[in-house]
Amino acid sequence: LCAAVPLKDMKLMDVKLGQLSTWLAMRDFTPGGIAGAVRRGYDRYLNKYINVRKGGLGGVSMVLASYVVLSYIWSYSHI
């Protein structure tokens, strides 16, 4: 059946509320660890939305929409 996954290797969505503090203590919050997490997230985004065989405009439109929202926030920061 299913093999037990160590708490260190669990994803955040799989961690139970009582295990959250222990799971957070096992994370790597050094600059290298944070950079690695950002890189893994970026790679997951690329593989899911951009580097697909039968893709559409989903990933590109998400990037464009986020750019539009970010520029709106920068232009109208007084609101």
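Each chain has its residues counted from 1, following the order in which its sequence is written. At least 70 in pLDDT is required for a residue's local features to be given in this predicted model, at least 80 for side-chain atom pairs to be given and counted, and no such filter applies to totals for whole chains, interfaces and linings, which use all residues. Side-chain figures throughout are based on the complete set of non-hydrogen atoms in the structure, without hydrogens or water.

### With respect to the overall build of the chain
Working step 1: Secondary structure elements are defined from DSSP: runs of H or I of at least 4 residues count as helices, runs of E of at least 2 residues count as strands, and each element is numbered from the N terminus. From N to C terminus, the chain includes 3 helices and 0 strands.
Working step 2: When the helices and strands of the chain are read in sequence order from the N terminus, they spell out α-α-α.
Working step 3: For a compact globule of 79 residues, the expected C-alpha radius of gyration is about 12 Å, and the chain comes in at 18 Å, more than 25% above that figure.
Working step 4: Principal axes of the C-alpha set define a box for the chain whose edges measure 45 × 40 × 25 Å.
Working step 5: Residues counted as positive are Lys and Arg, residues counted as negative are Asp and Glu, and His and the chain ends are not counted. Charge positions come from single atoms, namely NZ of Lys, CZ of Arg, CG of Asp or CD of Glu. One finds the centroid of the 10 positive side-chain charges in the chain at a distance of 8 Å from the centroid of its 4 negative side-chain charges. Computation of the radius of gyration draws on C-alpha atoms alone. For the globule rule, the value is 2.2 Å times the number of residues to the power 0.38.

### Considerations on the confidence of the model for the chain
Should pLDDT be low for a region, the predicted coordinates there are not to be read in detail.
Working step 1: As a per-residue measure, pLDDT reflects the predictor's confidence and takes values from 0 up to 100. On average, the chain scores 84 in pLDDT, and the residues at 70 or more come to 91%.
Working step 2: Per-element confidence in the chain ranges from a low mean pLDDT of 88 for helix H3 (residues 58-75) to a high of 90 for helix H1 (residues 20-25).

### Topic: a nonpolar patch on the surface
Working step 1: Residues Val69, Leu70, Tyr72, Ile73, Trp74 and Tyr76 make up a contiguous nonpolar surface patch of about 670 Å² in total accessible area.
Working step 2: Structurally, tyrosine 76 can be placed in the segment after H3. Each patch groups residues whose relative accessible area exceeds 30% and which form no salt bridge, using 9 Å between like charges and 5 Å between nonpolar side chains of Val, Leu, Ile, Met, Phe, Trp and Tyr. For every accessible area listed, the method is Shrake-Rupley and the probe measures 1.4 Å; residues are considered covered only by the protein chains on display. Should a side-chain nitrogen of Lys or Arg be within 4 Å of a carboxyl oxygen of Asp or Glu, the pair is scored as a salt bridge.

### Here we look at the environment of leucine 46
Working step 1: Residue placement: leucine 46 occurs in helix H2 (residues 31-50).
Working step 2: Through-space distance from the C-alpha of leucine 46 to that of glycine 59 is 8.1 Å; in sequence the pair is 13 residues apart.

### As for the packing of aromatic side chains
Think of a pair of aromatic rings as described by two things: how far the centres are apart, and how the planes are tilted against each other in angle.
Working step 1: Within 6.5 Å between ring centres, the rings of Phe, Tyr and Trp (the latter by its six-membered ring) count as paired, and their orientation is classed by plane angle as stacked under 30 degrees, edge-to-face over 60, tilted in between. As enumerated under the stated definition, the model contains 2 aromatic pairs in all.
Working step 2: Ring centres of tyrosine 45 and tyrosine 49 lie 5.4 Å apart, and the angle between their planes is 45°; on these two criteria the pair is classed as tilted. Taken together, the positions of tyrosine 45 and tyrosine 49, both in helix H2 and 4 residues apart, correspond to about one turn of that helix.
Working step 3: Owing to a relative accessible area of 31%, tyrosine 49 belongs among the partly exposed residues under this scheme.
Working step 4: A centroid spacing of 4.9 Å and a plane angle of 45° characterise the contact between tyrosine 72 and tyrosine 76, whose relative ring orientation is tilted. Here's how the labels work: a residue is buried when its accessible area is under 20% of the maximum for its type, exposed when over 50%, partly exposed in between, all with a 1.4 Å probe on protein chains only.

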